[in-house]
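In case you want the letters, here they are:
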Amino acid sequence: MNRFAALLDRLENADGEMKQRLLADYLATTPEPDRTIAVDFLAARLKPRRIALALIRSLADARFDPVLYALSLDYVDDVAETIALLWPPQRRANRDPSLSEVVEALSTLGRSELPKRIETWLDACDASGRWALIKLATGRFKSPMPSPDRPQKLAIAQDDMFPTTASPQISGSIDAVLLYVERGKLKASPTFCTFGLWKGGALVPVGKAGILPDDRKCVDEFVRENTIKRFGPVSQVAQTLVLEVAFEDLKRAPRRKSGIAMRTARITRVLREKRPGDASTIEGLERLLPAR
Amino acid sequence: MRIADILTLTPAGLYCAAGDFYIDPVRKVARAVITHGHSDHARRGHEAVLATAETLDVMAIRYGEKFAGSRQAARLGETIALGDARVTLQPAGHILGSAQIVIEVSGGRVVVSGDYKRARDPTCPAFEPVPCDIFITEATFGLPIFRHPPAELEVAKLLRSLALFPERAHFIDAYSLGKAQRLIALLREATYHDPIVVDPATERLCAVYEAHHVALGALRPLSGQAANSLAGKIVIAPPSARADLFAEVENGPITGFASGWMRTRKRAQQGGGELPLIISDHADWDELTATAREVAQGELWITHGEEAALMHWAASNGIKARPLAIKGYGDEENAEP
């Protein structure tokens, strides 16, 4: 897994011609059946039986300090990557699993055996290997290769191992209060804004959205004058700026403080004339969810 | 005097009243003790400066010979009396000449780490742990997600890329003081002996390293090189140096950024080029916490960086900690690539 993950790392940052040569080099030095499996993964032909990210979160929860996990997730902004980076290295771990071992185990092991096996693998992989493993096993893997022309399905099994609560996509918009701002490393990078809604007299974070440099002057000005505390690149601001946030997907997420996961959110307007008390509540957002 | 009063935080930086000196002051002061040559710690214009000979040489190269009114070189391990304080510089393992400042006043001992690391570095002596009442640490990479891989593995990544793309120059952005020389030394250890091309700022600082007996092998200046002549070469230079050079060339360079920030995918994609290398001269999370456990017998003070997580860790481990949030530190490593 570590070697395949190292290839993915390089492909992620490579241009077209480089990608071909990196892949050729990997294939020339990798035995079957891993070679075929790697190509199938990169061609998005292979979709092994998926496990829920929540299962891996629960493995992680048993090992991580919750505050350190929260601070890390806030910085990394991706659950799989946060777990991959936080997972403590094991001195006496087994060798890392091969791609074929992973694919085979995902399709054959039962629900009771799988968590233990995944934990063993996480112990055995390096940080890149853990990231690739989590992305592959949870069906979150996006191939860094341009899609080939043979859409032949080699799926070993398509159905979810652990049923997730599927819900239809809900889109809409809501007024929220700006809580944290994270500046990108480059001038051209988006600024990420974490915003919150009211719940029982306090503002609870519900989502995060990027603003591009052209649109962020107003937010930048606000941040300059209203930063309360800084955590590295993240500024905590006074809870006074109201934003109009549009989103394309809303799901129940019991593990989050807000109970809701908002995806593909974007900031559509900065509402300087509104006061924080005008922002919506979590209950208001919950009403947009379909009934259980 | 209470141990907590040996050093006080002032707008100019940490001040020792018993010895009447500042450590790495961010403003011009009468007497400064400097941990290392990075520009956020070593500023010009102080009346008197005490530092290692290596750090003084770095400051002279960067700021000119008149960077301070007067200067005093301290040998590592040598104790110097400043007023009522006894000051000893001990290796910090960060870059050439980097030192922790050990201050002893009436039986109490405070150690200012400056920037430091515990990972191996062939260009400077290893960090020397000194047990103390108050340990003042940096926290540039003070989040548990930052666990730097061995730099040797990252260097192997660079050499593998060079073997796979021999027709392309490999332009690595590595900070001109410290990172560049460590990268060069690690390449030499990995038996890479071809000339390495460097930009003028890096070249001047490499000369300081050579003068202090750190062998870096054959170096070539970047100025005057045509893009075609750089095929298959390793070039250590900032991104600004390559923009014009490769405007009209078919085989553009493979670019990379050598930094601890390359640990996260977002940062690697934003500024790491095609070959982000996770190489840092700062302590990672495991080093920060292991060092605090090893030396901080009383309190842990945190100068700058990601202090929230380290504060929480200290509280959970029964170590009394205090954030100093010194403004003006950390700008050099954090600079835009």
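Residues numbered from 1 in each chain as written. Chains lettered and ligands numbered in written order. Predicted model: local features only at pLDDT ≥ 70, side-chain atom pairs only at ≥ 80, totals over all residues.

Peer 1: Help me understand the overall build of chain B, please; the structure alone is not making it clear to me.
Peer 2: On a plain count of helices and strands, chain B comes out with seven helices and 18 strands. Its C-alpha atoms give chain B a radius of gyration of 20 Å, near enough to 20 Å, the size a compact globule of 337 residues would have. Oriented by its inertia axes, the alpha-carbon framework of chain B measures out at about 70 × 45 × 30 Å. Out of the 337 residues in chain B, the part that is buried amounts to 55%. Partitioning the contacts of chain B with sequence separation of at least 6, the portion at a separation of at least 24 is 57%. (Helix = DSSP H or I, 4+ residues; strand = E, 2+ residues; numbered from the N terminus. Rg over C-alpha atoms; globule rule 2.2 N^0.38 Å. Buried ≥ 20, exposed ≤ 12 C-beta atoms within 10 Å, placed from the backbone. Contact = placed C-beta atoms within 7 Å.)

Peer 1: What is the right way to read the confidence of the model for chain B from this model?
Peer 2: Should the pLDDT be low somewhere, the predicted coordinates at that spot are not to be read in detail. Residues and elements named next belong to chain B. The pLDDT averaged across chain B works out to 93; a share of 96% of its residues lies at or above 70. With pLDDT under 50 throughout, residues 333–337 is counted as low confidence; its partners more than four residues away or in other chains account for eight contacts. Among the prediction metrics, the complex's ipTM stands at 0.92, with pTM recorded as 0.77. (pLDDT = per-residue confidence, 0-100.)

Peer 1: Would you explain the sheet that holds strand β5 (residues 46–51) of chain B in this entry?
Peer 2: The pairing of strands in a sheet happens through backbone hydrogen bonds and is either parallel or antiparallel. Residues and elements named next belong to chain B. The sheet built from six strands is open, its strands ordered β1-β2-β3-β4-β5-β6 with mixed pairing. At either margin of the open sheet sits one strand with a lone partner, and together these are β1 (7–10) and β6 (68–73). With strand direction ignored, the average angle separating the axes of adjacent strands in the sheet is 30°. As paired strands, strand β3 (residues 21–23) and strand β4 (residues 31–33) are joined by two bridges and run parallel to one another. Across the sheet, residue Ile23 finds its bridge partner in β4, namely Val33. (Pairing = 2+ DSSP bridges. Axes fitted to C-alpha atoms, helices over the stretch in contact; angles between N-to-C directions.)

Peer 1: Please explain the sheet that holds strand β15 (residues 234–236) of chain B as it appears in this structure.
Peer 2: Residue and element names in this part refer to chain B. Pairing is parallel in the open sheet, where five strands are placed in the order β14-β13-β15-β12-β16. Among the strands making up the open sheet, the edge pair consists of β14 (219–221) and β16 (254–257). Sheet twist, expressed as the average angle between the axes of neighbouring strands with direction ignored, equals 25°. The pairing of strand β12 (residues 170–173) with β15 spans three bridges and is classified as parallel. Across the sheet, residue Phe171 finds its bridge partner in β15, namely Val235.

Peer 1: Got a minute to help me understand the pairing of β1 of chain B in this structure?
Peer 2: Consecutive side chains of a regular strand alternate in pointing toward one face of the sheet and then the other. All names here are of chain B. As paired strands, β1 and strand β2 (residues 13–16) are joined by four bridges and run antiparallel to one another. Residue pairing across strands places Leu9 opposite Leu14, the latter belonging to β2. Here β1 hands over to β2 after two residues, the two strands then running antiparallel side by side.

Peer 1: What am I meant to see in helix α3 (residues 34–42) of chain A here?
Peer 2: Residue pairs spaced three or four apart in an α-helix point in one direction, given the helix's 3.6 residues per turn. All names here are of chain A. For α3, the set of buried residues is Asp34, Ile37, Ala38, Asp40, Phe41 and Leu42. Residues of α3 that are buried make contact with α1 (2–12), α2 (16–28), α7 (99–108) and α9 (127–137). One or two steps after α3, the chain reaches Ala44, where phi turns positive at roughly 60°.

Peer 1: Got a minute to help me understand α1 of chain A in this structure?
Peer 2: Every buried residue belonging to α1 of chain A is among Phe4, Ala5, Leu7, Leu8, Asp9 and Arg10 of chain A, and all of these are buried. Elements in contact with the buried residues of α1 of chain A: α2, α3, α7 and α9 of chain A.

Peer 1: Any chance you could explain the confidence of the model for chain A here in plain terms?
Peer 2: All names here are of chain A. For chain A, the average pLDDT comes to 83, and 89% of its residues sit at 70 or higher. Mean pLDDT per element in chain A: strand β4 (residues 227–231) is the minimum at 81, and helix α6 (residues 79–86) is the maximum at 96. Long-range and interchain partners of residues 150–168, a stretch whose pLDDT sits below 50, account for 29 contacts in this model, where long-range means more than four residues apart.

Peer 1: How should I be thinking about the interface of chain A and chain B in this particular structure?
Peer 2: Interface size is commonly expressed as the accessible surface area that is lost when the partners come together. The interface of chain A with chain B comprises 24 residues on the first partner and 24 residues on the second. Mapped by element, the contributors of at least two residues to the side of chain A that touches chain B are α2, α5 (66–76) and α6 of chain A. At six residues, the largest contribution of residues to the side of chain A that touches chain B is made by α5 of chain A. For the side of chain A that touches chain B, the per-class residue count stands at eleven nonpolar, six polar and seven charged. (Nonpolar A, V, L, I, M, F, W, Y, C, P; charged D, E, K, R; others polar.)

Peer 1: It is not clear to me how unusual backbone geometry should be interpreted in this structure. Could you clarify?
Peer 2: Trans peptide bonds make up the majority, and among non-glycine residues the majority have a negative phi. Look at the link from Glu32 of chain A to Pro33 of chain A: it is a cis peptide, with omega at 5°. Within the secondary structure, Pro33 of chain A is located in the loop between α2 and α3. In this structure, Asp20 of chain B takes a positive phi of about 50° despite not being glycine. By secondary structure assignment, the location of Asp20 of chain B is in the loop between β2 and β3. Even without a glycine there, the phi angle at His213 of chain B is positive, about 70°. Topologically, His213 of chain B is positioned in the loop between α4 (200–211) and β14. His213 of chain B gets classed as exposed once you count the C-beta atoms within 10 Å, which come to 6.

Peer 1: Help me understand the packing of α5 of chain A against helix α7 (residues 307–316) of chain B in this model?
Peer 2: The packing of two helices is summarised by the inter-axis angle and the distance between the axes. Relative to each other, α5 of chain A and α7 of chain B sit at 175°, their axes nearing to 10 Å. The orientation of α5 of chain A relative to α7 of chain B falls into the category roughly antiparallel. Touching Val67, Leu68 and Leu71 of chain A of α5 of chain A are Ala308, Ala309 and His312 of chain B, all from α7 of chain B. Its residues placed into classes, the contact of α5 of chain A with α7 of chain B shows five nonpolar, one polar and no charged. (Parallel < 35°, antiparallel > 145°, perpendicular 65-115°, else oblique.)

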